[in-house]
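Commentary on secondary and tertiary structure
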Amino acid sequence: MLHTSLVLCLWTLIGVFGDEVKSVSVMEGHSVTLHTHLQRYDLIEWRFGVQGSVIAKLNREAKTKPFINERLKNHVEIDAQTGSLIITNITTQHTGLYTAEIIENTFQNKHFNVTVYARLSVPVISRVSSQCSSSSSSSCCCVLCSVVNVSHDVSVSWYKGKSLLSSISVSDLNIRLSLPLEVEYQDTNTYRCVVNNLITNHTQHLHITHVCHTSAVCVSCCGFTEAVIRLVVSALVGVAGVAILVYDIKSRQESPLTSNDSAIQKQE
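Definitions and limits used
Residues numbered from 1 in each chain as written. Predicted model: local features only at pLDDT ≥ 70, side-chain atom pairs only at ≥ 80, totals over all residues. Heavy atoms only, no water. Helix = DSSP H or I, 4+ residues; strand = E, 2+ residues; numbered from the N terminus. Buried < 20%, exposed > 50% of the residue type's maximum accessible area, 1.4 Å probe, protein only. Contact = heavy atoms within 4.5 Å. Areas by Shrake-Rupley, 256 points an atom, 1.4 Å probe, with all protein chains shown as cover. Phe/Tyr/Trp six-rings, centres within 6.5 Å; stacked < 30°, edge-to-face > 60°. Lys NZ or Arg CZ within 6 Å of the ring centre and 35° of its normal. Salt bridge = Lys/Arg side-chain N within 4 Å of Asp/Glu carboxyl O. Disulfide = S-S within 2.5 Å. Pairing = 2+ DSSP bridges. Axes fitted to C-alpha atoms, helices over the stretch in contact; angles between N-to-C directions.

What follows covers the overall build of the protein chain. A tally of helices and strands in the protein chain yields four helices and 16 strands. Per-residue burial over the protein chain gives 33% buried out of 268 residues. At a minimum sequence separation of 6, the contacts of the protein chain that also span at least 24 residues come to 60%. Carbon and sulfur atoms provide 55% of the accessible area of the protein chain, an area that totals close to 17100 Å².

For the structure on display, the rule yields two aromatic pairs. Seen from their ring centres, W46 and F112 are 5.7 Å apart, and the 40 degrees between their planes marks the pair as tilted. Here W46, found in strand β3 (residues 43-48), pairs with F112, found in strand β9 (residues 106-117); they are 66 residues apart in sequence, far enough to count as distant. Aromatic pair F48 and Y98: ring centres 4.8 Å apart, planes at 55 degrees, arrangement tilted. Highlighted residues: F48 in strand β3 and Y98 in strand β8 (residues 96-104), separated in sequence by 50 residues. Given a relative accessible area of 3%, Y98 falls into the buried group. A cation over a ring is seen here: R60 above Y41, with NZ or CZ 4.7 Å from the ring centre. Here the basic side chain of R192 rests over the ring of Y159, its NZ or CZ set 4.4 Å away from the ring centre.

Now for unusual backbone geometry. The phi dihedral of H37 is positive, around 55 degrees, even though this residue is not glycine. Relative to the assigned elements, H37 resides in the loop between β2 (32-34) and β3. Residue classification places H37 among the exposed residues on the basis of a relative accessible area of 64%. Of note, N89 is a non-glycine position whose phi angle comes to about 45 degrees, a positive value. The residue N89 is located in the loop between β7 (85-87) and β8 in this model.

A side chain of one charge can pair with a side chain of the opposite charge if their charged atoms are brought near each other. All told, the structure shown has five salt bridges when counted by the stated rule. The salt bridge partner of E101 is R47, with a shortest N-O separation of 3.2 Å. One end of the pair, E101, is in strand β8; the other, R47, is in strand β3, with 54 residues separating them in the sequence. Look at R47 and you get partly exposed, because its relative accessible area is 24%.

Within the structure shown, the criterion is met by two disulfides. A sulfur-sulfur separation of 1.8 Å characterises the disulfide bridge that pairs C141 with C212. Its S-S torsion of about -85 degrees marks the bond between C141 and C212 as left-handed, since a negative value means left-handed. Of this pair, C141 sits in strand β11 (residues 140-150) while C212 sits in the loop between α2 (208-211) and α3 (219-222), placing them 71 residues apart in sequence. Disulfide pairing is shown between C145 and C193; the S-S distance is 1.9 Å. Between C145 and C193, the S-S torsion sits near -85 degrees, and that sign places the bridge as left-handed. Separated by 48 residues along the polypeptide, C145 in strand β11 and C193 in strand β15 (residues 191-196) bring together distant segments of the chain. Both residues of the pair, C145 and C193, belong to the buried class.

Pairing is antiparallel in the open sheet, where four strands are placed in the order β13-β12-β15-β16. At either margin of the open sheet sits one strand with a lone partner, and together these are β13 (163-170) and β16 (201-206). The mean angle between the axes of side-by-side strands here comes to 15 degrees, regardless of whether they run parallel or antiparallel. Bridge count between strand β12 (residues 154-160) and β13: seven bridges; the pairing is antiparallel. Within β13, the position partnered with V156 by the bridge is I168.

Okay, structure coming up:
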């Protein structure tokens, strides 16, 4: 008994450290089959996670019904012919390592590293006034491409035509991922924002005339220093204009009085 347990333990170690691990990617809500490609087998056990808890088992030699873990009965089934594991309506909680322990004269393991990607949201493009800070003219427009409920390995990118302008990605779970862009109001180029993972992507095109308003001044794009200078210059121009207006009014009021004084002096 001790000898048998030692052999099984040794086989397990060889399987973990020596066998090939197949990577499988799938979108949340879809189905996936972990194929064993077996023609014959006596016993197969499917385990999940590093600890290797049994989630499904089928003993063909004993001709018993397949065992499915109670928690996974709505998601997991086992193919009686090949021993392949079928996972339906998969969720991100099903991400992890799956191991098939197979007995047919000899003992062998098959490993599958399953990655489940959450559904991608369609990116949203909006105008902002706090994300851009470069020194550009007041004709600029600052826009932000955002996507919410971001899972791992998701990227958000800005493209100008076919050229990549900028990109940002996240390797873990995140609530929101955003990427800013500055464009000119009169820009006629084609811009698009793309959000993608290893399986799928969504694209949103930027319509400058819809998102940006030419009557507004993008102060944040012009920079703080330039904005202050503009305010100071505007104030000085205003003060100078008032001074000129006051001087003109005083001149008009004093001119008739000077003429009358001259006429009185001539009569005397």
